[in-house]
Amino acid sequence: MKNLQKHVIDPQKCRTEWDDFSNLLTSKPILSEQKDVLPFFKQRQNLSLLICNYFPKIKVPDQYAHEYEIYGDFIADLVIGDSSVHHYLLVEFENGAADSVFRQKGKKATPDWAPRFEGAYSQLVDWLWKLEDMRSTQDFLNTFGSRRATFQGLIVIGKDMNLAVQEQDRLKWRLDKTMIDSNAISSVSFNQLSNDLNHWLKFYYGV
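Residues numbered from 1 in each chain as written. Predicted model: local features only at pLDDT ≥ 70, side-chain atom pairs only at ≥ 80, totals over all residues. Heavy atoms only, no water.

1. Some details on the overall build of the chain
Secondary structure summary: the chain contains seven helices and nine strands in total. Here the C-alpha coordinates of the chain stretch approximately 55 × 40 × 30 Å along the principal axes. For the chain, long-range pairs separated by at least 24 residues make up 71% of all intrachain contacts whose partners lie at least 6 apart in sequence. When the accessible surface of the chain is summed, it comes to about 10,300 Å², and 50% of that surface belongs to carbon and sulfur atoms. Within the chain, the 27 negative side-chain charges are centred at a point lying 2 Å from the centre of the 25 positive side-chain charges. (Helix = DSSP H or I, 4+ residues; strand = E, 2+ residues; numbered from the N terminus. Contact = heavy atoms within 4.5 Å. Areas by Shrake-Rupley, 256 points an atom, 1.4 Å probe, with all protein chains shown as cover. Lys, Arg positive; Asp, Glu negative; His and termini not counted. Charge placed at Lys NZ, Arg CZ, Asp CG, Glu CD.)

Following this line, the structure appears as structure tokens:
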């Protein structure tokens with residue numbers, strides 16, 4: 001299994017990487033997962049680590065891996081961890097489009113959950129299942145530092161969605177009320193990701 005890499009956030013470099021992200025968002029109406037998102041974050045270690053703040057138990061992120069193979073069966077787009085407290089965030093990147101989370105189907109008044117979102121959620125189910133299945137192994141201990149390591153999932157999906165109030169509530173309710181084996185799952189759009197990263201850079205690092 002691929003090892004997690006050590007890295008410490010460089011605030012100044014992270015700010016430059018955020019500027020690149022902001023420019024990417026404004027330059028394209030739709031973001032492709034494979035052509036835009038994955039290559040972008042793979043080249044930006046600092047900004048990738050900053051995403052850890054969606055898992056509040058992570059205090060000092062110092063480990064990460066892109067395209068992380070989970071015991072030969074699945075691949076997580078990004079894993080971020082704090083090796084001192086053994087908490088890890090599993091990130092699934094999807095495409096950035098207006099209909100990534102909800103999609104209008106026929107003449108129905110209420111839109112359906114989009115296949116991209118449902119697929120991303122199912123991937124997190126599989127990742128967490130596999131990690132739990134391997135928890136008792138020596139490899140798990142060597143990788144995550146403790147057999148009691150904890151995980152949380154994040155889906156980054158959608159762009160310029162302008163969700164109606166009802167769909168905002170549906171999404172929030174689903175994420176607040178459902179957990180996978182006691183592991184929380186959250187979801188943010190690429191617009192919200194940009195805003196949050198910008199806030200954390202200012203609040204925690206003063207840049």
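2. Comments concerning the sheet that holds strand S8 (residues 179–180)
Read from one edge of the open sheet, seven strands run S1-S2-S3-S4-S7-S9-S8, paired in mixed fashion. This sheet does not close on itself; its edge strands, each paired only once, are strand S1 (5–6) and S8. In this structure, strand S4 (residues 87–93) lies alongside strand S7 (residues 150–156), joined through seven bridges in parallel fashion. Bridging from a neighbouring strand, Leu89 pairs with Gln152 of S7. Lying over the sheet, helix H2 (residues 33–42) contacts strand S2 (63–70), strand S3 (74–82) and S4, oriented at roughly 150 degrees with respect to S4. Set on the sheet, helix H7 (residues 190–205) makes contact with S4, S7 and strand S9 (183–188); between it and S9 the angle comes to about 100 degrees. (Pairing = 2+ DSSP bridges. Axes fitted to C-alpha atoms, helices over the stretch in contact; angles between N-to-C directions.)

3. Considering the nonpolar core
The biggest cluster of nonpolar side chains holds 33 residues, and the ones touching the most others in it are Phe21, Ile51, Phe93 and Leu193. At the level of secondary structure, the elements contributing two or more residues to this core comprise helix H1 (11–27), H2, helix H3 (45–50), S3, S4, S7 and H7. If we ignore the near neighbours within four places in the chain, the residues touching Ile51 are Phe41, Leu78, Ile80, Leu89, Val91, Phe93, Leu154, Leu193 and Leu197. (Core = buried A, V, L, I, M, F, W, Y, C linked by side-chain atoms within 4.5 Å. Buried < 20%, exposed > 50% of the residue type's maximum accessible area, 1.4 Å probe, protein only.)

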